[in-house]
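Chain by chain, the residues:
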Amino acid sequence: MRMKSLEILPAIDVKDGRAVRLVQGELAKESTYGLPVEVARDFVAQGAKWIHLVDLDAAFGIGSNFELIQEVIRSVDIQIELSGGIRDEESLVRALSTGCTRVNLGTAAIENPEWTAKVISKYGPRIAVGLDVRGHTLAARGWTKDGGDLFEMLEILDAAGCSRYIVTDVAKDGTLTGPNFELLKEVCAVTSVPVVASGGISVLQDLIDLRSLTSIGIEGAIVGKAIYSGSFTLPQALEVAGE
């Protein structure tokens, strides 16, 4: 049996109109990488089939880059996963109106599971839920608050018919210290829903190791800092991922 390919989602985090990277979600620890539209076009030129696009100002509740996010999505002809500040019906409808492929609910899903279940039944595969985790505890509101037990939340979301989880180990994000494979295996063991891994990916071997978990439910990997800092290139990542 041929091993499944791993989807690679290069990340563009937008803050104050620029593409940035944070370390462990801290605004004080950021690096800037230019204009989001240019970064997006560059990723497409390098073979990206997906982009993981985040409005950090919206995620932290300190502003919005909505017009710019729209511009990025319109400027490329690939699949976009959009995240950041989608917390109610209005912000959800607005996010979906950009033409993105799917949106990633974070804090809202944790704080309002009933609403989340409702939008999952309404929009189906256009809704993914981001589970940001410290240990087995969920982190909410830009990782500033605790949001309950990971496995209890998975049970609720599975029952609601959630189509996809994006699992981030907060302690790993932006650190280039490797993914939390144990956490990913634990999640895959309790759900049959595809899982996208996020946080800590630093070397090509991490992607090779994640690809070996496609048989248990790992579908893709969000890659940010490793590409921006030159640990490897997007074409190299796509190659080892089997895309």
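Above this text is the structure in question.
Sequence order as written defines the numbering, with residues in each chain counted from 1. Thresholds applied to this predicted model are a pLDDT of at least 70 for local features of residues and 80 or more for the giving and counting of side-chain atom pairs; totals over whole chains, interfaces and linings are not thresholded and use all residues. Computation of side-chain values covers all heavy atoms of the structure but excludes hydrogens and water.

Trainee: Honestly, the pattern of salt bridges in this entry has me stumped. Any pointers?
Mentor: A side chain with one charge can pair with a side chain of the opposite charge if their charged atoms come near. Basic side-chain nitrogens of Lys or Arg form a salt bridge, by our definition, when they fall within 4 Å of a carboxyl oxygen of Asp or Glu. Taken as a whole and judged by the stated rule, the model has five salt bridges. Arginine 102 serves as the salt-bridge partner of glutamate 81, at 2.7 Å between the closest nitrogen and oxygen. Of the two residues, glutamate 81 sits in strand β5 (residues 79-83) while arginine 102 sits in strand β6 (residues 102-105), which places them 21 residues apart along the sequence. Ionic pairing is found between arginine 164 and glutamate 219, a salt bridge with its closest N-O pair at 2.6 Å. With arginine 164 in the loop between α7 (150-160) and β10 (165-169) and glutamate 219 in strand β12 (residues 218-223), the pair connects residues that are 55 residues apart, well separated along the chain. Exposure categories follow from relative accessible area, calculated using a 1.4 Å probe and restricted to protein chains: below 20% of the type maximum is buried, above 50% is exposed, and the middle band is partly exposed. Its relative accessible area of 18% is what places glutamate 219 among the buried residues. A run of DSSP states H or I qualifies as a helix once it reaches four residues; a run of E qualifies as a strand once it reaches two. Both are numbered from the N-terminal end.

Trainee: Is there a simple way to explain the packing of aromatic side chains in this structure?
Mentor: Aromatic ring pairs: the centre-centre distance and the angle between the two ring planes describe each pair. Pairing of aromatic rings covers Phe, Tyr and Trp, the last counted by its six-membered ring, and requires centre-to-centre distances within 6.5 Å; plane angles under 30 degrees mean stacked, over 60 mean edge-to-face, and any other angle means tilted. The full count for this structure, using the stated rule, is one aromatic pair. Here, a charge over a ring is recorded when the distance from Lys NZ or Arg CZ to the ring centre is within 6 Å and its angle to the ring normal is within 35 degrees. One residue, arginine 94, lies across the ring of phenylalanine 66, its end atom 4.0 Å from the ring centre. Here arginine 102 stacks its cationic end above the ring of tryptophan 50, 4.2 Å away from the centre of that ring.

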